[in-house]
Amino acid sequence: MCVTCGCSDESEDKITNLETGEMVHNHHHHTHTLADGTVITHSHSHEQEPSQIHAKIHNTTISLEQEILGKNNLLAAQNRGWFKGRNILSLNLMSSPGAGKTTLLTQTINDLKHQLPITVIEGDQETINDAEKIKETGCKVVQINTGTGCHLDASMIERGLQQLNPPINSVLMIENVGNLVCPALFDLGEQAKVVILSVTEGEDKPIKYPHIFRASEIMILTKIDLLPYVNFDVQRCVEYAKQVNPNIQIFQVSATTGLGLDTWYKWLTNKVANSSVPVFP
């Protein structure tokens, strides 16, 4: 069990390349750090493990959070260097399930694909449904299924990049697993985090889940075309978001009607310009 977020560290994640149909599996191993600093990594197979090792492992009270995040941050730094070397602007899109990440992403690609070179890493626990939607836009995409895992991590992104191979001078959108907690804890090497919140959720989400809003550079409030039909206080939501992150930029959009998308597109193209990614004429 991952003590950082509670997801299983014995699950198997897989990466699907939608262009080739290739599927790559990764078996997670079980890692324990003992009180004396010894690290033991193993997998639970059908073979019997030495009982004295298991007794020593499971009878020792340990904290793995620093080790888990430390290893992740090292890989994230490597990813960041890889992005920088290839002049790739990478964004980590995070939200709760159903907030509209995929709808916003597909609309963004359709509107900007003749202006910006965009590729996508799609994260979900299971299925390639969202990756199929991205593929329909003509965008190159790989799907990462995390199994029982509740977030993407830097190692998954590293392996996803090997399959995706995004071109130099481009934009990489990483759509994280739907979750307002764990994705904010794991650095992927991205240049900026983007949190997406819909008006069909509570306006108090920024103060109920402050870390993800504090870690994000912008917040996109989606589905504003539904405001006449839901009980959602936009002003209060904005105040809560500014309370936890005074520097956060907030855009109010509807991906279905196009309302407000120009503010998001302007931010994105400015971010691209500042990152030296060329814009198509």
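For the structure itself, look to the data block above.
Keep in mind the model is a prediction, meaning the values are calculated, not measured. The numbering scheme is per chain: residues are counted from 1 as the chain's sequence reads. Local features in this predicted model are restricted to residues of pLDDT 70 or higher, and side-chain atom pairs are both shown and tallied only at a pLDDT of 80 or more, whereas totals for entire chains, interfaces and linings draw on every residue. Neither water nor hydrogens contribute to the side-chain values; these are computed over all heavy atoms in the structure.

**Points about the packing of aromatic side chains**
Here is step 1: Any two of the Phe, Tyr and Trp rings considered here, Trp counted by its six-membered ring, make a pair once their centres fall within 6.5 Å; the pair's planes then place it as stacked at under 30 degrees, edge-to-face at over 60, or tilted in between. For the structure shown, the criterion picks out two aromatic pairs.
Here is step 2: On the basis of an interplanar angle of 75° and a centroid distance of 5.9 Å, the ring pair of tryptophan 82 and phenylalanine 83 is categorised as edge-to-face.
Here is step 3: Overall, the relative accessible area of 31% leaves tryptophan 82 in the partly exposed class.
Here is step 4: Overall, phenylalanine 83 belongs to the buried group, its relative accessible area being 2%.
Here is step 5: On the basis of an interplanar angle of 15° and a centroid distance of 5.8 Å, the ring pair of tryptophan 264 and tryptophan 267 is categorised as stacked. Of this pair, tryptophan 264 and tryptophan 267 are both found in helix α9 (residues 261–274), three residues apart, which corresponds to roughly one turn of the helix. In this structure, tryptophan 264 and tryptophan 267 share a single accessibility class: buried. A simple rule labels every residue: compare its accessible area, found with a 1.4 Å probe on the protein chains alone, to the largest value its type can have, and call it buried under 20%, exposed over 50%, or partly exposed in between. Under the scheme used here, helices are H or I runs from DSSP no shorter than 4 residues and strands are E runs no shorter than 2 residues, and both carry numbers assigned from the N terminus.

**Here's the deal with the pattern of salt bridges**
Here is step 1: Note on definitions: salt bridges are taken to be side-chain nitrogens of Lys or Arg within 4 Å of carboxyl oxygens of Asp or Glu. Counted according to the given criterion, the structure contains four salt bridges.
Here is step 2: Residue aspartate 130 is joined to lysine 133 by a salt bridge in which the shortest nitrogen-to-oxygen separation is 3.8 Å. With a gap of three residues between them, aspartate 130 and lysine 133 both fall in helix α4 (residues 129–135), about one helical turn apart.

**A short note on the environment of isoleucine 212**
Here is step 1: Within the fold, isoleucine 212 resides in helix α7 (residues 210–215).
Here is step 2: Assessed through its relative accessible area of 1%, isoleucine 212 is described here as buried.
Here is step 3: Considered as a pair, isoleucine 212 and alanine 184 are 28 residues apart in the sequence and their alpha carbons are 5.0 Å apart.
Here is step 4: What makes two residues a contact is simply this: any of their non-hydrogen atoms within 4.5 Å. Once residues lying within four places of it in the same chain are set aside, the contact partners of isoleucine 212 are Met94, Asn179, Leu180, Ala184 and Val195.

Geometry only, nothing functional implied.
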